[in-house]
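# Structural description and commentary
Take a look at the letters that make up each chain.
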Amino acid sequence: MTDSEKLDLLLAEMQGMKSEIQSMKEKVDKLSLGQLEIKEEIYMLNRKISDTYNVALDALGTSAENRAWLENGTLV
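Being a predicted model, the structure only gives us computed values, none of them experimental.

Counting its regular elements, the protein contains one helix and zero strands. Taken against the 2.2 N^0.38 rule, which gives 11 Å for 76 residues, the C-alpha radius of gyration of the protein at 32 Å runs more than 25% over that of a compact globule. Dimensions of the protein, computed from the C-alpha atoms along their principal axes, are close to 105 × 10 × 10 Å. Looking at the protein residue by residue over its 76 residues, the buried ones come to 1%. The averaged location of the 14 negative side-chain charges in the protein is 1 Å from the averaged location of its 9 positive side-chain charges.

This is the structure in structure tokens:
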């Protein structure tokens, strides 16, 4: 095998590696975008949970006030 053939083999191998690296970079970029989407969804879900918790606390307070009003005829 001549030096020129060896260099051609090395060049072909390096070009293959370059395309694999590019493919890996694209996959990492897609993963990063996916993580951002998940982070946004977690934030929105967290807000919904917090809002639901606040509504439940308000309902509990209203329930207690209504119970006191019904039992005593006055608000607490």
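Having seen the model, we can carry on.
With that settled, the discussion passes to helix H1 (residues 3-72). One turn of an α-helix holds 3.6 residues; hence residues three or four places apart share an orientation. Between its first and last C-alpha, H1 extends 102 Å over 70 residues, near the 104 Å set by a 1.5 Å rise per residue. At the C-terminal side of H1, Gly-73 shows a positive phi close to 80 degrees.

Time to look at a nonpolar patch on the surface. A cluster of nonpolar residues, Tyr-53, Leu-57 and Leu-60, forms a patch on the protein surface that exposes about 340 Å² of accessible area. The topology assignment puts Tyr-53 in helix H1.

Among the secondary structure elements, Arg-67 is positioned in helix H1. Considered as a pair, Arg-67 and Glu-5 are 62 residues apart in the sequence and their alpha carbons are 92 Å apart.

Reading the values: the criteria
Residues numbered from 1 in each chain as written. Predicted model: local features only at pLDDT ≥ 70, side-chain atom pairs only at ≥ 80, totals over all residues. Heavy atoms only, no water. Helix = DSSP H or I, 4+ residues; strand = E, 2+ residues; numbered from the N terminus. Rg over C-alpha atoms; globule rule 2.2 N^0.38 Å. Buried < 20%, exposed > 50% of the residue type's maximum accessible area, 1.4 Å probe, protein only. Lys, Arg positive; Asp, Glu negative; His and termini not counted. Charge placed at Lys NZ, Arg CZ, Asp CG, Glu CD. Expected span 1.5 Å × (residues − 1). Patch = residues over 30% accessible without salt bridge, like charges linked within 9 Å, V, L, I, M, F, W, Y side chains within 5 Å. Areas by Shrake-Rupley, 256 points an atom, 1.4 Å probe, with all protein chains shown as cover. Salt bridge = Lys/Arg side-chain N within 4 Å of Asp/Glu carboxyl O.

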